[in-house]
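Chain by chain, the residues run as shown.
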Amino acid sequence: MRAPAIALFITCLLAGGAAAQRPDTCDVPGYLLFDDNELSRVATAVKEKQQLDIAIIGTGSSTLAGPEGKAYPARLEAALNAQLPNVAVHVTVHAAPRQTAAKMWEDLQKIVSEQKPALLVWQTGTVDAMRGIEPDEFGSILNTAVEKIQAAGTDVVLMNMQYSPRTETMIAVGPYAENMRWVSQQRKIPLFDRLGIMRHWSDTGVFDFYTPTKAFGVAQKVHECIGRALATQIIDAAQLGPMTAKVAQ
Amino acid sequence: MNRVRQQLATAEPAAFTESGPPSLAESPPAGKVASIPPAPPSKRDLRLDLFRGLALWLIFLDHIPTNIVSWITIRNYGFSDATEIFIFISGFTAAFVYGNAMNERGFLVAGARILRRAWQIYVAHVFLFAIYMAEIAYVASSFENPLYAEEMGALDFLKQPDVTIIQALLLKFKPVNMDVLPLYIVLLLLFPPILWLLLRRPTLALSASVVLYAASWEFGWNLQAYPSGTWLFNPFAWQLLFVFGAWCAMGGAERLSGVLRSRITLAVAVAYLVFAFLITMTWHVPVLGQFVPERLASLIYPIDKTNLDVLRFAHFLALGVLIVWFIPRHWSGLQWPIFRPAIWCGQHSLEIFCLGVFLAFAAHFIMGEISAGVLMQVAVSIAGVAIMIAAAGLLVWYKSIEGRNPGSRTKSTDADLAGGEA
């Protein structure tokens, strides 16, 4: 009696693993992408000037080794250009490895004042978590910085860290992700919840983030999906497209 | 005075022998003990063991990254989590055990025992660190993915093992999930003078603790960590819970009993727990966040775990009120076999805590190597708790065979009790 039960249990376990099929779409459920926060400067720039300048500031995970144009900033530009055919979309990237939010804020003031982008996408959190910066301090720097950037006439989207299951016991991202959500609520700006989205892809078997690989294929696909999802979020928050916009092809 | 000493000397070892939990009815009225000098109660409260055991299970479940079972843990339904329960009960039992020792044998002996206990915990921490290093070294050599070039930088400390190991030995380098034991060590190192004061002027000791807590907020005191930042659990803030637990053990609980039994207190506690529950729901379902008034949000956020936010402390107190109200100390249900596994775990908290940290690493490893599916998450959670129970059962059994050895019994049980249970 007991042996069949154990066999059934093991079968279930294996089935759990095998359920990780890999469909080619990387749909993101609406609750992970959409909220009530608006990107009014983006809307104005698009409607009045048919032009959209986006600055992305971030760290290593805003770049990708290998051929050019495969990281999410370039994919975002491509996706926005495809979805907003009459708008000139330009994305500039200021990514440098191992930068904390405090360090990026020093560089940001110059970027915002000189370039005056309609939108700043600020990818952060990972390095602060790795360095063990006090989460509170991280949150309050971010809050102050975003407030000043908004006052300078630029919309902001915060992007949190990647879901990285293999390093979960080495980097405690939780408190930093919570602080970023808090800042996004305080400042009424969209949060691109990369952590939640990638975890969703992992849970539903869209991507396998556990298996080691040297190839760039999976990483490029992930960046492609992130770029598209971010484009969808921006279009929704700036109310530029039909509500039905989806991340899927 | 003599009478008190006698009671303390005789009542205590019986509380842990295998002949089943002691009959709580035997204990003398607490009032008599407390009336002379403020002295610890003479019988261990099984509720402490039960809830510390449960807290250890919850800490284990929360330590497994991406674990669906961790949805049952209290951190998802209120501000405080199992850490508060663990630290409070640890303070309570430390005062209980070493308070007796200090009354009986004096400051020097009790102080020395406390320091020996701190040393044991330090050794346990270093042991866990070795296991952690093994896991990290394995991941560093076997895992690769261009997507995670940045995250793998977290392993850079392996390139400087000399610095890393020394910083770990200095308790400055504390890997994820390994912050509780260093906190515990610091709290115990500071405990002898606190206990001395608690035995004489308990209210003054508690006041000093509150002042230190307030000062750490006001002046931003915390210990430095390596490579940067500060301790995840600020000892200057978290000592409040530990000392509060100790104060409760020193007759504070009796002094509070009037307040605790009041219906108004219960109503306030329930209202606060409901409030905390509703607020935490807005974290899980961000859409609900719009119903939190802005003024309230800017008042309560961020809820600071590092410095033991007042909201967290209050949430723990409210939970405590509820437990004291609905589970009386002499409740017969505490003897039910169903609670025995948790009580065993709570009675061997250091061993089971360390085992839990190790099992969480192991669970993460298994999920990485085999499958991280929901079924696997459930399987490793159940298996982990089962292993913790089995280990605690084994420790209880060891204690029972030691107890049967007539020559060593009194001495070894007593020493073990003082060293092994706080």
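Counting starts from 1 at the beginning of each chain's written sequence and moves along it residue by residue. Chain labels run from A onward and ligand labels from 1 onward, assigned in the order the entries are written. At least 70 in pLDDT is required for a residue's local features to be given in this predicted model, at least 80 for side-chain atom pairs to be given and counted, and no such filter applies to totals for whole chains, interfaces and linings, which use all residues.

Asks: So what's going on with the overall build of chain A? Which residues, and what values?
Replies: Across its full length, chain A holds 10 helices and 5 strands. To assign burial, the other C-beta atoms lying within 10 Å of each residue's own C-beta are counted, with C-beta atoms placed from the backbone; 20 or more indicates buried, 12 or fewer indicates exposed, and intermediate counts indicate partly exposed. Burial analysis of chain A (249 residues in total) assigns 49% to the buried set. The long-range fraction of contacts in chain A, counting pairs at least 24 apart against all pairs at least 6 apart in sequence, stands at 82%. Numbering of helices and strands runs from the N terminus, with a helix taken as a DSSP run of H or I at least four residues long and a strand as a DSSP run of E at least two residues long. Here, residue contact means that the backbone-derived C-beta atoms of the two residues sit within 7 Å.

Asks: Go over the interface of chain B and chain A with me, naming the residues and quoting the values.
Replies: The interface of chain B with chain A comprises 48 residues on the first partner and 46 residues on the second. Mapped by element, the contributors of at least two residues to the side of chain B that touches chain A are helix 5 (107-142), helix 15 (349-369) and helix 16 (374-404) of chain B. Looking at side-chain class alone, the side of chain B that touches chain A contains 27 nonpolar, 15 polar and 6 charged residues. Ten residues, namely Ala, Val, Leu, Ile, Met, Phe, Trp, Tyr, Cys and Pro, are considered nonpolar, four, namely Asp, Glu, Lys and Arg, are considered charged, and the remaining ones, Gly among them, are considered polar.

Asks: Let's hear about the environment of Ser-207 of chain B: which residues, and what values?
Replies: Considering the arrangement of structural elements, one finds Ser-207 of chain B in helix 9 (residues 202-219). Expressed as a C-alpha distance, the spacing of Ser-207 of chain B and Ile-401 of chain B, which sit 194 residues apart in the sequence, is 44 Å.

Asks: Tell me about helix 10 (residues 235-260) of chain B, and please be specific about residues and values.
Replies: For helix 10 of chain B, which comprises 26 residues, the first-to-last C-alpha distance of 28 Å sits more than 12% below the rise-based estimate of 38 Å (1.5 Å per residue). Across the 26 residues of helix 10 of chain B, 19 count as buried, placing the element largely inside the fold. Helix span, as expected, comes to 1.5 Å for every residue beyond the first.

Asks: Account for the confidence of the model for chain B, with residues named and values stated.
Replies: Residues and elements named next belong to chain B. Known as pLDDT, the predictor's per-residue confidence is scaled from 0 to 100. Looking at chain B, the pLDDT average stands at 85 and 85% of residues meet or exceed 70. Confidence drops under pLDDT 50 across residues 1-40; counting only partners more than four residues distant or on other chains, this segment forms 64 contacts. Under a pLDDT of 50 for its full length, residues 407-420 has, in the predicted model, 19 contacts with residues more than four places off or in other chains. Our summary of model confidence lists the complex with pTM equal to 0.82 and ipTM equal to 0.84.

Asks: Give me the lowdown on the packing of helix 7 (residues 180-189) of chain B against helix 10 of chain B, citing residues and values where you can.
Replies: All names here are of chain B. Under this scheme, a helix contributes an axis fitted over its contacting stretch, all axes are lines through C-alpha atoms, and angles between N-to-C directions fall in the 0 to 180 degree range. Two elements in contact, helix 7 and helix 10, have axes separated by 10 Å at closest approach and are oriented at 70 degrees. On the basis of the axis angle, helix 7 is roughly perpendicular to helix 10. Here helix 7 contributes Leu-183, Val-186 and Leu-187 to the contact with helix 10, which in turn contributes Pro-235, Trp-238, Gln-239 and Phe-242. Considering only residue class, the contact of helix 7 with helix 10 consists of 6 nonpolar, 1 polar and no charged. Each angle is binned into one of four classes, with values under 35 degrees roughly parallel, values over 145 roughly antiparallel, values of 65 to 115 roughly perpendicular, and all other values oblique.

Asks: Please provide a residue-by-residue account of the environment of Thr-59 of chain A, values included.
Replies: Positionally, Thr-59 of chain A belongs in the loop between strand 1 (51-58) and helix 4 (72-83). According to the C-beta neighbour criterion, Thr-59 of chain A is buried, with 25 such atoms within 10 Å. The spacing of Thr-59 of chain A and Pro-97 of chain A is 38 residues in sequence and 4.6 Å in space, taken between C-alpha atoms. Those residues in contact with Thr-59 of chain A that lie beyond four places of it in its chain are Ala-95, Ala-96, Pro-97, Arg-98, Gln-99, Gln-123, Thr-126 and Val-127 of chain A together with Glu-150 of chain B.

Asks: An account of the pairing of strand 2 (residues 88-95) of chain A is needed here, citing residue identities and associated values.
Replies: All names here are of chain A. Summarising the sheet, strand 1 and strand 2 pair through 8 bridges and their orientation is parallel. Within the sheet, the bridge partner assigned to Leu-52 lies in strand 2 and is Val-89. Orient the strands so they point away from the viewer; a crossover is then right-handed if the path from the first strand over the helix to the second runs clockwise. You can see the chain leave strand 1, run along helix 4 and come back into strand 2, and the turn it takes is right-handed. Two strands qualify as a pair provided that DSSP identifies no fewer than 2 bridges between them.

Asks: I'd like a description of the environment of Thr-44 of chain A, backed by residues and values.
Replies: Residues and elements named next belong to chain A. Checked against the element boundaries, Thr-44 lands in helix 3 (residues 40-49). Since 14 C-beta atoms lie within 10 Å of it, Thr-44 is described here as partly exposed. Between the C-alpha atoms of Thr-44 and Lys-214, which are 170 residues apart in sequence, the distance is 43 Å.

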